[in-house]
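# Overview (structure and organization)
Listed below are the residues making up each chain.
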Amino acid sequence: MSILADINTILEPIGIPVETGVFSDMAPDKYIVVVPMTDKFDLNADNAPGYDVQEARISLYAKGNYGADKNRIVRALLAADMTITARQYIGYETETGYHHYVVDVANHYEMEE
């Protein structure tokens, strides 16, 4: 149970390269970087957590129009029952020529016994 593995599976059909933490290869015109944000326990009962809540930030970097890719990412996440907690245009990076857009997601995983 890992939000990072789930995000990679969900976004694979979109066809944009995805890496965790940092994009290590030569950057193409568009790519995605996924960064884990938080892991927390929720719904405690009898001193034991009921859910493991994991959150991650999905950063889309694109030269040119990013709108269609942003929408495909959001639709894929929602179709997979991911909770989108925030979406934001970060800005245009003049040094690299990329637009930077982020989607923050969370998922609840039942604790395994």
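Okay, so let's go over this structure. The model shown is predicted, which means the values in this text are computed figures rather than measured ones. (Residues numbered from 1 in each chain as written. Predicted model: local features only at pLDDT ≥ 70, side-chain atom pairs only at ≥ 80, totals over all residues. Heavy atoms only, no water.)

## So, the pattern of salt bridges
Short version of the rule: Only one rule defines a salt bridge in this text: a Lys or Arg side-chain nitrogen within 4 Å of an Asp or Glu carboxyl oxygen. What counts as a helix is a DSSP run of H or I of at least four residues, what counts as a strand is a run of E of at least two, and both are numbered from the N terminus.
What the rule picks out here adds up to four salt bridges. Put simply, R72 and D69 hold a salt bridge, and the shortest N to O gap is 3.0 Å. Pair noted here: R72 and D69 are both in helix α2 (residues 67–79), with a separation of three residues, about one helical turn. One connected set of salt bridges, linked through shared partners, spans K30, D69 and R72.

## Let's talk about the packing of aromatic side chains
Rules: For Phe, Tyr and Trp, where Trp contributes only its six-membered ring, two rings pair if their centres lie within 6.5 Å, and the inter-plane angle classes them as stacked under 30 degrees, edge-to-face over 60, or tilted in between. Only protein chains enter the area calculation, which uses a 1.4 Å probe; residues under 20% of their type maximum are buried, those over 50% are exposed, and those in between are partly exposed.
All told, the structure shown has six aromatic pairs when counted by the stated rule. Plain terms: the ring middles of Y31 and Y98 are 5.4 Å apart, the flat faces sit at 80° to each other, and that makes the pair edge-to-face. On the criterion of sequence distance, the pair formed by Y31 in strand β2 (residues 30–42) and Y98 in strand β5 (residues 98–110) is long-range, its members being 67 residues apart. By the burial criterion, Y31 is buried, and Y98 matches it. Pairing Y66 with Y89 gives two aromatic rings, centres 5.3 Å apart and planes at 15°, and the pair type is stacked. Linking Y66 in the loop between β3 (51–62) and α2 with Y89 in strand β4 (residues 83–93), this pair joins segments that are 23 residues apart in sequence. Its relative accessible area of 32% is what places Y89 among the partly exposed residues. Every member of this aromatic cluster is reached through a ring pair, and the members are F23, Y31, Y61 and Y98.

Keep in mind these values describe shape, not function.
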